[in-house]
Amino acid sequence: MVLKVFFPSCCSSADSGILIGRWISEQNSAVILAVVHFPFIPVQVKQYLGEVQRMTKVSVSVLGSWSNSKQEKEESLSEFLEDLGTIFCHEPWIQISKEGDSKFWSCSTLQKHSKNPQEEEIILVYYDQRKVMLSHLHPPLDTAGQRAEDASKLSAIFDTVARSRVLFMTDRYDEGPIKLTHWQSDGVEASIIVELMKQASVPACMLLTFLLSLLSGICRSRVLKFWPLSFLWSKLSTCEQLGHRLQHLQVISSNKKAQNQNQLMRKANIFVSLLIDVALGILLMSWLYRKNRIGHLADTLIPVADHVAEELQDLLQWLMGAPAGLKMNRALDQVLGRFFLYHIHLWISYIHLLSPFIEMILWYVGLSACLGLTVALCILSDIIALLTFHIYCFYVYGARLYCLKIYGLSSLWRLFRGKKWNVLRQRVDSCSYDLDQLFIGTLLFTILLFLLPTTALYYLVFTLLRLLVVIVQGLIHLLVDLIDSLPLYSLILRLCRSYRLAAGVKFRVLEQQDGKPLRLLMQINPLSYGGVVQTYRLPTYSCYPRDSWASLCKKLFLGELIYPWKHKGEKQN
């Protein structure tokens, strides 16, 4: 039978003493947690282990003895270590000794109360107690009573170490009758700055929670539910991003303790994302207000808008002629061309009417960068949407005309085949038509068919322009989603302390010799960077089309509108 002994590597240089830990009979394994040094009083050790067992709900006991032979070996030491087995009464009694500078350790077991003692093969497994404690490969501590009954899993080892946190809170500087060696025996791992921040975060979180609840109450008020405020709130990406960040602030300012590792990592990722977002926004704001860059940007904006309008006028003049040698319906071509030219004229007048206020608007918009780079990018996307509103109007007009003709032609084509669309049953049924209906249907089909190329050309040109604007907005929102959803804290933790994001364990053979126990090293396998992003990625909203190529092509062919924003209620996870 194989006996597995999990020994903490931090105790390899400890002074001689006794081994305390947990015996897992289902696995025939012993998990060593600490070494108690000589001298000690057995009654005090039993009392201390009873207190630890009552606080941690872990059956901690004395499992054996530890001998460090770097000290001068006394003849009575080995006999004394064997006699300890009768005092603490544990079967089997494990004896581990370090043989000077040799790489090999001796490990044996004593079974004094067994009638037929059997020689057991021993595997000595070294583990890093700190990494096992912080790797979170164990079941959640709050669900310890509900953990699986199958104790043969390796998670029982991690669960034992994690639940024995009280045992690791004493160091060698504590005044007490018992001296221990474990991963925090040289001093409890803590930071004065972190502790001060924890104390100061309580009133700060309470104040922030009150302000956020007040702000969220204002946002949920009935005033914002009336048109057009409700329409603007649902369509402007800046409002969506502010609402998204408001939810993030409510999460990190909540005084409710994280229940598990995923909730803790989510809060940390949101906090780091907010810090980096605000830092980048302040850098952008400081760059904008240097050397009068706001004024230069305002002076450039009007000529750019005029140039875009002139290019659209040239494009419409080209469409009103013979574009690419195509013969268009001249009457419809002239009507559509003059209609769109008049809209461009109105747009130019609107831009020049706002030109004296452009610099002031940009100056106040630049201040919004202190809320974060993502808010500034969303404002940029909304500005692009407002500056290209005439292109959107052209696209809507062309799409509606094209859609009307497509559905009219499909309906009249069913008339020729003696079919009709049954609205109640949502299917195509047979129908008989008289001569007048067929004659009028033929005239309408001919008119719509010969007008379709002209309408389709205008629709195609304005759809391409609209897609260009949507692609630019989509790239901006991809950057916003990247900042919002990227788990920056988890990636930094994976880079600096990879064992905190563990995916499993692996064992490496250290030394093997006949007559000596097999020595293995248990190492933590960290998550890959892709696994970190996939596991801890934050949810975001979608501000741009996420349709498949087939769905997008279908919408373009049927003349359905393509929106640059998400519909209300949709959420991208």
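Parameters and conventions
- Residues numbered from 1 in each chain as written.
- Predicted model: local features only at pLDDT ≥ 70, side-chain atom pairs only at ≥ 80, totals over all residues.
- Heavy atoms only, no water.
- Axes fitted to C-alpha atoms, helices over the stretch in contact; angles between N-to-C directions.
- Helix = DSSP H or I, 4+ residues; strand = E, 2+ residues; numbered from the N terminus.
- Parallel < 35°, antiparallel > 145°, perpendicular 65-115°, else oblique.
- Left-handed = near helix turned anticlockwise from the far one by under 90°.
- Contact = heavy atoms within 4.5 Å.
- Nonpolar A, V, L, I, M, F, W, Y, C, P; charged D, E, K, R; others polar.
- Phe/Tyr/Trp six-rings, centres within 6.5 Å; stacked < 30°, edge-to-face > 60°.
- Core = buried A, V, L, I, M, F, W, Y, C linked by side-chain atoms within 4.5 Å.
- Buried < 20%, exposed > 50% of the residue type's maximum accessible area, 1.4 Å probe, protein only.
- Polar contact = N/O pair within 3.5 Å; in protein donor to acceptor, adjacent residues only side chain to side chain.

Going by what an unreviewed UniProt entry lists, the chain is known as PIGQ acetylglucosaminyltransferase and is assigned to Dicrurus megarhynchus.

Colleague: Before we move on, can you summarise the packing of helix 7 (residues 237-252) against helix 8 (residues 261-288) with the specific residues and values?
Modeller: Look at helix 7 against helix 8: their axes get within 9 Å of each other, and the N-to-C directions meet at 130°. Taken together, the axis directions place helix 7 and helix 8 in an arrangement best described as oblique. Read as a crossing pair, helix 7 and helix 8 show a hand that is left-handed. On the side of helix 7, the interface is formed by R245, H248, L249, V251 and I252, while helix 8 contributes R266, K267, I270, F271, S273, L274 and D277. Tallied by class, residues from the contact of helix 7 with helix 8 come to six nonpolar, two polar and four charged.

Colleague: Describe the packing of aromatic side chains, with residues and values.
Modeller: For any pair of aromatic rings, the description rests on two quantities: the centre-to-centre distance and the angle between the ring planes. Applying the stated criterion to the full structure yields 15 aromatic pairs. Relative to Y350, the ring of W347 has its centre 5.2 Å away and its plane inclined at 40°; by these criteria the two rings are tilted. With W347 and Y350 both in helix 10 (residues 330-354), this residue pair falls three residues apart, about one helical turn.

Colleague: Pulling in residues and values, what's your account of the nonpolar core?
Modeller: One recurring pattern in soluble globular proteins: nonpolar side chains tend to sit buried together. With 39 residues, the main nonpolar core has V45 and L167 as its most contacted residues. Contributing elements (two or more residues each) for this core: strand 2 (17-24), strand 3 (29-37), helix 1 (42-56), strand 4 (60-68), strand 7 (121-127), helix 3 (129-134), helix 4 (155-163) and strand 12 (518-526). Discounting chain neighbours no more than four positions away, the residues touching L167 are I20, L33, A34, Y48, V52, L180 and H182. Counting residues in hydrophobic clusters, the runner-up holds 20 residues, among them L3, L63, I94 and L124.

Colleague: Outline the side chain of H248, listing residues and values.
Modeller: In this fold, H248 is placed in helix 7. At 3.0 Å, the side chain of H248 forms a polar contact with the side chain of R245. If sequence neighbours within four positions are ignored, H248 has contacts with I270, L274 and D484.

Colleague: Quick one: what's the story with the packing of helix 9 (residues 293-319) against helix 10, residue by residue and with numbers?
Modeller: A packed helix pair is summarised by two numbers, namely the angle formed by the two axes and the spacing between the axes. The interhelical angle for the contact between helix 9 and helix 10, taken along N-to-C directions, is 170°, at an axis separation of 10 Å. It follows from the interaxial angle that helix 9 and helix 10 lie roughly antiparallel. Each of I302, A305, D306, A309, L312, Q313, L316, Q317 and L319 in helix 9 lies in contact with helix 10, whose residues at this interface are D333, G337, F340, L341, I344, I348, I351 and H352. Of the residues that constitute the contact of helix 9 with helix 10, the class distribution is eleven nonpolar, four polar and two charged.

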